[in-house]
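Structure assessment
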Amino acid sequence: MLKRYLIPRLIQYLLVIFVGVTIVFFVPRLTPVDPVQQMINTITRMGTYLDPKAVEKMTETLKELYGLKGNLFEQYLAFWGRLLKGDFGPSLFRFPIPVIKLIGDSLPWTLGLLTISTFLSWFIGNILGGIVGFYYDKRWARVMESIAMVIRPIPYYIFALITLIVFSYLLKWFPLGGGMPVGVVPSFSIKFIFELFRYAFLPLISMMVLGIAVTLQTMRLIVSNIVKEDFVTYARAGGVKKKIIAFKYVIRNAMLPQVTNLALSMGQIFSGALITEIVFSYPGMGTLLYNAIATGDFNLIMGIATISIFGISTFILLIDLLYPLFDPRVRYR
Amino acid sequence: MGIFRDLLRDGKFRVGFIIICLILILALLSFVSPYDPTRWNVAPRDLPPSLQHILGTNSQGQDVFWQLTFAIRNSLTIAIIAAFFSRIIAIIMGLVAGYRGGRLDRFLMGINDSFLVLPLLPILILISSLIKGRLSFVGLGLILSVFGWSWDARVIRSQILSLRERDFTYTALLSGTSTIQLVFKEYFPFVIPIVFSTLINNMSWAIGMEITLAILGLTNLEIPTLGTVLQWAISYQAMLLGLWWWLLTPVVTSVLLFVSLYLLSVSISEYLDPRTRIQRIRVIKE
Amino acid sequence: MEIIKAENLKAYYLLDIGGKLHSVRAVDNINISIKEDEIYGIAGESGCGKSTLIKTLYGMVEPPLNVVDGKVYYRIDNEYKNIFSMNGSLESIRWNYISYIPQGSMSVLNPVVKIIESFWDFIGSHVDISDKSTWRKNIEEHFALLGLPTKVLDAYPHQLSGGMRQRVTIALATILNPKIIVADEPSTALDVVAQRAVIQLLKEIQKSLKNTIILVTHDMGVHASISDRIAIMYAGKIVEEAPTSEIFENPLHPYTKYLIGALPKIGDKSYKVSAPGAPPSLINPPSGCRFHPRCSQAMEECKVNVPELINVNSEHRVACFLYSKEREL
Ligand SMILES: Nc1ncnc2c1ncn2[C@@H]1O[C@H](COP(=O)(O)OP(=O)(O)OP(=O)(O)O)[C@@H](O)[C@H]1O
Ligand code: SF4
Ligand SMILES: [Mg+2]
């Protein structure tokens with residue numbers, strides 16, 4: 001099991017990181033723009049308070065970081081060396097705070113939003129999709145699928161925007177944005193947690209509704225094939241109770257491919273989380289990214305892109321490692 | 001035509017087809033627009049919908065309806081460019097990996113899966129933030145195509161794998177057909193339907209990406225697209241100013257566009273899937 | 001005493017292909033009655049409707065399969081009940097009264113749970129299993145009786161060999177000691193050794209439990225060794241029915257003769273050929289006697305009229321114009 005299951009996945013893990021980081025390395029080289037010069041411009045445009053020496057020093061650092069020293073291969077190796085140390089250089093916008101520190105500050109918000117919405121919508125979507133698939137001859141099941149079918153193709157941005165307009169602008173039930181009330185000091189009080197939840201609610205809901213719609217629909221398709229499997233037909237022939245068949249036979253088995261699907265769509269979900277944060281100005285990596293774009297903070301953008309690559313592929317590896325827990329066919333081979 | 005008639009029997013396809021036709025008509029109307037979409041102040045500002053300006057005007061003094069027609073046309077063009085070129089990459093990857101098999105297959109699929117799971121948005125942002133503003137919409141389409149092929153390459157590969165097992169591969173090889181000929185003559189007829197069914201999904205993805213990048217201010221805001229129209233409305237605070245027609249027009253249009261494209265793709269891939277084709281043989285109850 | 005009877009049973013697959021209605025007449029006007037404490041064999045080439053017939057007898061009729069006509073009776077508490085008017089209560093007699101071993105039971109067990117869980121699901125849906133330890137003991141005893149190691153209960157299906165899975169399925173179908181067991185090709189997919197073991201197993205179960213087994217297999221050798229009576233099916237119809245020895249010693253229907261002729265006989269190295277050609281399409285079966293295009297003795301009458309299944313003696317029925325002039329109306 002170790003050899004046949006684990007090793008290919010570890011290799012794929014390393015390959016994803018390799019491909020991602022390589023893209024990040026080559027992108028600045030393939031575009032007609034000189035990122036270092038552009039960054040220097042950005043900084044000098046922002047203020048004259050930097051003395052020329054500091055600018056020179058930073059030019060050096062940047063050149064080193066973006067590989068204008070040595071031949072291409074040396075540059076590439078140096079790039080890797082810095083990444084593995086977590087050194088993405090300073091933020092240009094909030095100079096000289098290191099990029100890694102800024103990312104570290106906003107990461108918990110994104111992680112919270114992402115994990116809660118992903119797991120809840122995966123779970124709810126699968127149960128609903130399983131039930132819809134199992135009772136597909138019922139009217140309500142088809143109605144539910146049609147609803148999912150209309151919601152599913154809407155991009156995260158548009159859906160978040162609609163949610164914001166309806167619930168914050170028009171109904172005024174929720175705050176217009178942010179992660180917590182201005183001026184409140186974080187604490188473990190009930191009130192604070194409630195406020196956190198109130199601010200997180202719309203971003204969460206907007207991500208979850210989309211997530212549930214996608215999961216529901218794929219699950220429905222998987223179930224429509226599983227119900228034709230021999231072991232389901234046989235359980236029905238044996239008069240096994242419908243509820244047992246629905247959950248223990250159909251849904252339980254249909255969830256297995258859904259674990260893999262979750263791993264495959266993690267990149268998209270993450271991108272969706274970034275966008276949703278931007279719409280609700282939720283203080284996670286998405287908003288950080290937005291500010292980085294607005295201020296031309298190339299260092300920060302690159303840091304976020306790289307961290308995302310590492311994060312997502314690790315997350316996928318984790319799911320892959322957990323998979324055998326659900327599937328005895330992998331566990332005992 | 002027979003296929004089309006079969007597809008029209010599916011309610012999903014009918015709805016999707018009607019909406020997409022309406023949207024296409026809008027896109028075509030752009031050719032007879034009385035306005036130049038890049039010019040400002042060609043109409044009074046901030047007018048609500050009226051007979052003269054059926055979707056009102058915006059704060060830039062443009063007619064929202066005619067602006068929309070250009071936006072749809074450009075968004076669809078970007079989507080078609082992206083989908084077209086990514087299909088070429090997908091076909092090559094899928095054919096080569098599936099046909100050659102072995103180590104090369106494993107290597108290519110490793111790369112493929114990497115593209116599949118990578119968080120594309122940050123990477124696309126990285127790219128477009130470097131060439132910000134200079135990006136023509138053809139360029140944007142091309143960039144999107146570089147990242148939008150991996151899923152379809154996988155699907156094509158597995159189709160090739162199953163075709164390889166069939167007799168005609170061996171017969172053809174024995175009778176001395178060259179690989180290229182074999183691939184084009186024998187495999188293409190089976191690959192084309194897949195390419196077509198994934199094409200729509202890919203277009204949908206590209207349109208969504210364009211909107212996202214435009215919102216972030218990373219595309220050329222001078223060219224009207226669904227994304228840039230929305231971006232202008234948001235940056236002018238259309239919602240707060242009560243100019244709902246300005247904001248709602250791109251939102252509603254894109255929702256309709258996405259839903260209709262999705263319905264078409266679901267319907268077509270159901271049609272192509274042999275398993276559901278059997279299901280379509282309607283079961284009669286006494 | 002008859003325990004299960006079918007009268008004028010017609011079960012068709014109704015399909016709508018491209019707007020046109022088609023019916024696959026897989027079970028077409030069948031009359032049989034099966035006695036208590038017997039193994040009733042059903043034989044015939046692939047596609048002749050054997051599985052459809054016993055699914056219908058078992059009451060597992062789901063679209064596209066439809067019962068267009070006829071009745072199936074079970075004798076429950078000395079009363080004949082038409083199962084098609086029983087509705088919900090059919091579920092409740094399953095496994096207690098009648099159980100089913102499906103064709104190709106390689107994948108009939110839930111792959112993600114242990115074998116014992118499948119037993120809990122099947123048993124627990126019909127009887128009270130709150131006393132799990134006693135039930136576990138019962139199951140283990142049943143396993144021992146069938147020569148199955150009890151540690152199999154804690155294995156997952158994919159860990160067992162095909163023969164083992166088949167035997168587990170048989171154990172599952174017999175655990176509640178049902179009066180009727182319907183078995184569809186229980187030994188077909190197995191290797192010769194496992195095949196013999198499974199057949200032996202069924203035989204022993206029947207001997208000790210004195211219940212009724214309806215056994216479908218196209219393998220006449222299996223029928224020879226285990227069935228008490230045999231019905232020969234061809235293209236959706238029963239063409240001959242008689243006790244096993246009678247079928248083998250005195251086959252009447254030309255099709256039966258072909259089937260038996262296809263058996264390798266001891267001392268006879270030359271395999272006799274089966275009837276030329278293949279079974280007909282059941283969407284559009286041949287007119288008259290459905291066997292006539294393949295029958296060497298076919299007469300003019302055979303192309304026009306359908307021979308009725310008539311008794312040639314009290315135990316032997318045949319549907320062929322060589323033996324009677326009676327036709328189905
Ligand atoms: N679900 C179905 N839909 C349509 N036709 C079917 C279906 N199942 C079976 N048939 C058709 O009904 C006929 C009888 O099938 P059946 O499975 O009863 O045959 P069988 O005698 O059990 O054959 P085998 O020995 O191969 O199991 C066949 O012609 C088959 O094609
Ligand atoms: S009825 Fe005629 S065709 Fe049919 S089996 Fe008898 S002889 Fe042959
Ligand atoms: Mg069968």
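Every value quoted in this text rests on a predicted model; they were computed, and no experiment measured them.

Residue and element names in this part refer to chain B. Confidence in the prediction of chain B, expressed as mean pLDDT, is 82, and 88% of residues score 70 or more. The element-level mean pLDDT for chain B is lowest in strand S1 (residues 282–283), coming to 46, with helix H2 (residues 11–29) highest at 92. Scored as a complex, the prediction yields pTM 0.84 and ipTM 0.88.

Contact with chain C, which involves 30 residues of that partner, is made by 20 residues of chain A. Interface area for chain C against chain A, summed over the two sides, is near 2,200 Å², with a carbon-plus-sulfur share of 56%. Area buried by chain C at its contact with chain A is led by C:Val112, C:Phe122 and C:His158, which between them contribute 25% of it. Applying the counting criterion to the chain C and chain A interface returns three salt bridges. For the salt bridge of C:Asp121 with A:Lys248, the shortest nitrogen-to-oxygen distance reads 2.7 Å. At the boundary of chain C and chain A, one finds 13 residue pairs in polar contact (both at pLDDT 80 or more). Only strand S6 (98–101), helix H3 (115–124) and helix H5 (162–174) of chain C provide two or more residues apiece to the side of chain C that touches chain A. Looking at the side of chain C that touches chain A, the element that brings in the most residues is H3(C), giving five residues.

Residue and element names in this part refer to chain C. In the vicinity of ligand 2, the contacting residues are His253, Pro254, Cys289, Phe291, His292, Cys295, Gln297, Ala298, Cys302, Cys320, Phe321 and Leu322. Because more than half of its atoms lie within 2 Å of the grid, ligand 2 is assigned to the second largest cavity. Of the residues that constitute the shell around ligand 2, the class distribution is nine nonpolar, three polar and no charged.

In this section: the pairing of strand S4 (residues 65–76) of chain C. Residue and element names in this part refer to chain C. Where S4 and strand S5 (residues 79–82) come together, four bridges link them in antiparallel fashion. Residue pairing in the sheet places Arg75 in a bridge with Tyr80 of S5. The hairpin formed by S4 and S5 contains two residues between the paired strands, and Asp77 there has a positive phi angle of roughly 50°.

With that settled, the discussion passes to empty space enclosed by the protein. The tally for this structure, following the rule as stated, stands at six cavities of 30 Å³ or more. By volume, the largest cavity amounts to about 140 Å³. What lines the largest cavity is a set of 17 residues, and nearest its centre among them are B:Gln60, B:Gln62, B:Gln67, B:Pro224 and B:Trp232. Counting residues per element, the ones that place at least two in the lining of the largest cavity are helix H3 (64–100) and helix H10 (226–235) of chain B. Of the residues in the lining of the largest cavity, the class split is 10 nonpolar, six polar and one charged. Of the pockets and cavities examined, the second largest cavity occupies roughly 80 Å³. As for the second largest cavity, its lining consists of 13 residues, and the residues nearest its centre are C:Pro254, C:Cys289, C:Cys295, C:Cys302 and C:Cys320.

Residue and element names in this part refer to chain C. Mapped onto the fold, Ile34 is located in strand S2 (residues 20–35). Note: C-alpha distance between Ile34 and Glu2 (32 residues apart in sequence) is 5.4 Å. When residues no more than four places from it in sequence are discounted, the contact partners of Ile34 are Met1, Glu2, Ile3, Ile4, Tyr40, Leu57, Thr212, Ile214 and Arg229.

With that out of the way, let us pick up the coordination of the magnesium ion (ligand 3). All names here are of chain C. Looking at the magnesium ion (ligand 3), the protein donor atoms are Ser51 (OG) and Gln103 (OE1), and they sit 1.8 to 2.2 Å from it. With Ser51 in helix H1 (residues 50–58) and Gln103 in the loop between S6 and H3, this pair connects stretches of sequence that are 52 residues apart. A relative accessible area of 43% means that Gln103 is categorised as partly exposed.

Residues and elements named next belong to chain C. Neighbouring ligand 1 are 15 residues, the closest being Ser46, Gly47, Lys50, Ser51 and Thr52. Between ligand 1 and Ser51 there is a distance of 2.6 Å, counted from an oxygen atom to a side-chain nitrogen or oxygen. Within the side chain of Gln103, one N or O atom sits 2.9 Å away from an oxygen atom of ligand 1. A total of 640 Å² of accessible area belongs to ligand 1 in isolation, and the protein chains cover 67% of it. Per-element accounting of the shell around ligand 1 gives the leading share, three residues, to H1. For the shell around ligand 1, the class distribution of residues is six nonpolar, six polar and three charged.

Definitions and cut-offs
- Residues numbered from 1 in each chain as written.
- Chains lettered and ligands numbered in written order.
- Predicted model: local features only at pLDDT ≥ 70, side-chain atom pairs only at ≥ 80, totals over all residues.
- Heavy atoms only, no water.
- pLDDT = per-residue confidence, 0-100.
- Helix = DSSP H or I, 4+ residues; strand = E, 2+ residues; numbered from the N terminus.
- Contact = heavy atoms within 4.5 Å.
- Buried area = accessible area lost by both parts, 1.4 Å probe.
- Salt bridge = Lys/Arg side-chain N within 4 Å of Asp/Glu carboxyl O.
- Polar contact = N/O pair within 3.5 Å; in protein donor to acceptor, adjacent residues only side chain to side chain.
- Near = heavy atom within 4 Å.
- 1 Å grid on protein atoms, 1.4 Å probe; cavity = no way out; pocket = protein on both sides within 12 Å on 5 of 7 lines; lining within 4 Å.
- Sits in = over half its atoms within 2 Å of the grid points.
- Nonpolar A, V, L, I, M, F, W, Y, C, P; charged D, E, K, R; others polar.
- Pairing = 2+ DSSP bridges.
- Points joined across faces, edges and corners; volume = space filled by probe spheres on them.
- Donors = N, O, S within 2.8 Å, 3.2 Å for Na, K, Ca; no water.
- Buried < 20%, exposed > 50% of the residue type's maximum accessible area, 1.4 Å probe, protein only.
- Areas by Shrake-Rupley, 256 points an atom, 1.4 Å probe, with all protein chains shown as cover.

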